[in-house]
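Understanding the architecture of this molecule
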Amino acid sequence: MTKKQDHSKAHTLCRQYKENNTSICAIVENSKEAKLLKNELSLYLNGNEIEYFPENDILPYDHFSIPQNILKERFRILNSINLGKKIVISTIKNLFEIYPTLDFFRSTKNFRIKDDLSIEALEEILLSLNYNKVNRIDSINQYAFRGGIVDIYTPIYKNPLRIEIFDDTIESIRFFDVDNQLSIDKTDQFNLSKGTLLSLDESNLKIFKDNWREYFQNNDERHCEIFQKINNRESAEGSEIYLPLFFNKQSNFFNLFESYNFYKLNEHIEHIDEYKKFIQARYVDENIDSQRPILKPLDMFICPDDINDLLNKIPIVKPLENYKEFKFNNYDDAIDQLLNKKIQFKKTILITSINSEYELILKKYLPGITQINSVKEAKPGLNLILGNVVRPLINKEADELIIHREYFIDSHVDTTTQDIQSIKLIDREIMFTAGDLVIHENYGLGKYEGLEIVTANNISNEYIKIIYSSNESLYVPLRSIDLISKYHKNIDISVASLDSLSSTRWLKNKEKASIRAFDHAAEILDI
């Protein structure tokens, strides 16, 4: 087994962040390292203080475009770059990209309720920002009109906007769900920004065409499909291969976050050289089509020597003397030594991402274990948290051990943030325990059996298991936990009449109850 690292660098970075008034940008090797660091910082900081600037999720010279969710996240982060102190985590790959200047990403318009704004004026602004008019929006960089209501999907917000305009005045501003079109929340103001990296207005289009023709003098633009689509102001998959040609002013990653203090967690010379070779190999593979000419690596990406020079100027995170080396072979080894009192800590914090494992640990060590939601709540003795994967830590100053079970397991069930949030939404006092009677919205009364891992097509996921009449089993994915509620009527479980999965009795009773409720509401309205 390879030597496992601890998260002393994350803890040290957190200390430096708290002791200074300036935001921090931390450079790590790759996206896996970035997500680990974010998880570890989340143990000590609020979630809104930590951002991961995502990689673009495409290969050098790819035929695909950057996914919209990544573009949206990047726009959001760059739009809030000076709005409060935070830590931004980025990777070596991001340092190779050429970006527009920061002004390009920033919102250019701000509107509030009761501001004077006509439908025509708003549409003119949206067109100037290169938004596309559609009947119903389903992705960023789109807008739609329905009478005096305007839907806009700008990348700087998690959800699209719905603005109601009456008599050339903004009456209401709401966010809504793009899937079901239902309103989510109200706000009193909104901002607008560009919704794409490739602005196809007259000015930017001219810059692109002039630059393209100058660079590819020996290529016929009539035979380049991407050029022709852009020239016709159409979106073209994979058009990012010409991104540097859209801007006369460009930025590197360090320019974008120049107001931040930069730190690196390791020396990255080897990783920079590896990615440089990968770019070159991709260039050789893709530079074969005269109808899809591509830029040379030094024109498409930041020069690796420049990246090394910039990284050499920033400090590396060096843990203080407050940490002890983690020498245990695995999670079980550490727990065994702890229980056998071969090692002792004032506080031990056990973490798992798997809900069924959480229940097993809780059952095994009760009443000698405390359930907590954050490391700040840890009590002397054994503590338990449900959370994302982190590396272990022995903090000598706090006399504390933090250890995550799944970090030491090479093949483990991936638990999403959504799953973790689902279980955390259940109050500790009403968490289901094996044998509880529960109601599933679609299947009725059953008995909660616990959490179980089910493998299908070589993919393992965790499910809530409910037993019904005739010992029928229902497996409910964690994301659907909101369909289940505790049965609060005080009856003996042994005599409870469980519903059957093969019967429609529950749905019929539910329908009758719904009709009765509707009739009752109508009677109230008549009164």
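Notes on the structure in this doc start here. As the structure is a computational prediction, the values presented were derived from the model and not from experiment.

1. Focus on the side chain of E49
- Inspection of the secondary structure assignment puts E49 in the loop between α2 (31-41) and β2 (50-52).
- One buried charge, E49, has no salt-bridge partner; the nearest side chain with opposite charge is K85, at 6.2 Å.
- Not counting the four nearest positions on each side in its chain, E49 is found in contact with Y17, K85, K86 and I87.

2. Here's the deal with the packing of helix α1 (residues 8-19) against α2
- Axis separation between α1 and α2 bottoms out at 9 Å; the angle between their running directions is 60 degrees. Taken together, the axes of α1 and α2 lie oblique to each other. As α1 runs across α2, the sense of the crossing is right-handed. Residues A10, L13 and C14 of α1 form the contact with α2, whose participating residues are L37, E40 and L41.

3. Observations regarding the pattern of salt bridges
- Under the definition given, this model contains 22 salt bridges.
- Between R76 and E73 there is a salt bridge whose closest N-O contact spans 2.7 Å. Here E73 and R76 lie together in helix α3 (residues 68-79), a separation of 3 residues that amounts to about one turn.
- On the basis of relative accessibility, which here comes to 25%, the residue R76 falls in the partly exposed class.
- With a shortest N-O distance of 3.2 Å, R405 and E357 are connected by a salt bridge. In this pair, R405 sits in the loop between β17 (400-404) and α15 (417-424) while E357 sits in helix α14 (residues 355-365), placing the two residues 48 residues apart along the sequence. Of the two residues examined, R405 and E357, each falls in the buried class.

4. Quick word on empty space enclosed by the protein
- Going through the model one piece at a time under the given rule, you end up with 5 cavities of 30 Å³ or more.
- In this model, the largest cavity occupies a volume close to 230 Å³.
- Taken together, 20 residues form the lining of the largest cavity, with N56, I58, E240, M300 and F301 sitting closest to its centre.
- Residue composition of the lining of the largest cavity, by class: 14 nonpolar, 2 polar and 4 charged.

5. Topic: the side chain of S139
- Here S139 lies in the loop between β5 (132-133) and β6 (142-146).
- Polar contacts involving the side chain of S139 include one to the side chain of D138, which spans 3.4 Å.
- Excluding anything up to four places from it in sequence, S139 contacts Q68 and Y153.

6. Quick look at the layout of surface pockets
- The calculated volume of the second largest pocket comes to roughly 680 Å³.
- Lining the second largest pocket are 25 residues; nearest its centre among them are N132, N141, T196, L198 and S235.
- Residues belonging to the lining of the second largest pocket are distributed by class as follows: 10 nonpolar, 11 polar and 4 charged.

7. Structural notes on the sheet that holds strand β1 (residues 24-28)
- In spatial order, the strands read β2-β3-β1-β12; together these 4 strands make up an open sheet with parallel pairing. Of all strands in the sheet, those with a lone pairing partner are β2 and β12 (261-264), marking the two edges. Between one strand axis and the next, the sheet turns by 25 degrees as a mean value, whatever way the strands run.
- Examined bridge by bridge, β1 and β12 share 4 bridges and lie parallel to one another. Directly across from I24, in β12, lies its bridge partner N261.
- Contacts from α1 reach β1, β3 (87-91) and β12, with the element oriented near 160 degrees to β1.

About the cut-offs
Positions within a chain are numbered from 1, following the residues in the order the chain's sequence is written. Local features in this predicted model are restricted to residues of pLDDT 70 or higher, and side-chain atom pairs are both shown and tallied only at a pLDDT of 80 or more, whereas totals for entire chains, interfaces and linings draw on every residue. To obtain the side-chain values, all non-hydrogen atoms of the structure were used and water was disregarded. Comment: elements are numbered from the N terminus, with helices defined as DSSP H or I runs of at least four residues and strands as E runs of at least two. Each residue gets one of three labels from its accessible area relative to the maximum for its type: buried under 20%, exposed over 50%, partly exposed in between, using a 1.4 Å probe on protein chains only. Counted as positive: Lys and Arg. Counted as negative: Asp and Glu, with His and the chain ends omitted from the count. What makes a salt bridge here is a side-chain nitrogen of Lys or Arg within 4 Å of a carboxyl oxygen of Asp or Glu, nothing more. We call two residues contacting when some pair of their heavy atoms lies within 4.5 Å. The axes are straight lines fitted to the C-alpha atoms, using for helices just the contacting stretch, and the angles between their N-to-C directions are given from 0 to 180°. Angles are sorted into four bins: roughly parallel if under 35 degrees, roughly antiparallel if over 145, roughly perpendicular if 65 to 115, and oblique for all others. If you view the pair so one helix is near and one far, a crossing is left-handed when the near helix is turned anticlockwise from the far one by less than a right angle, and right-handed when it is turned clockwise. Both cavities and pockets are sets of points on a 1 Å grid over the protein atoms alone; in a cavity a 1.4 Å probe fits but cannot get out, in a pocket the set is open with protein on both sides within 12 Å along at least five of seven lines, and lining residues sit with an atom within 4 Å of a point. Grid points are joined across faces, edges and corners, and a volume is the space filled by probe spheres set on the points. Three classes are used, and their members are as follows: Ala, Val, Leu, Ile, Met, Phe, Trp, Tyr, Cys and Pro are nonpolar, Asp, Glu, Lys and Arg are charged, and the others, Gly among them, are polar. Under this definition, polar contacts are N or O atom pairs within 3.5 Å; protein pairs additionally need one hydrogen-donor-capable and one acceptor-capable atom, and for neighbouring residues in sequence, both atoms have to be side-chain atoms. Pairing between two strands requires that DSSP report at least two bridges joining them.

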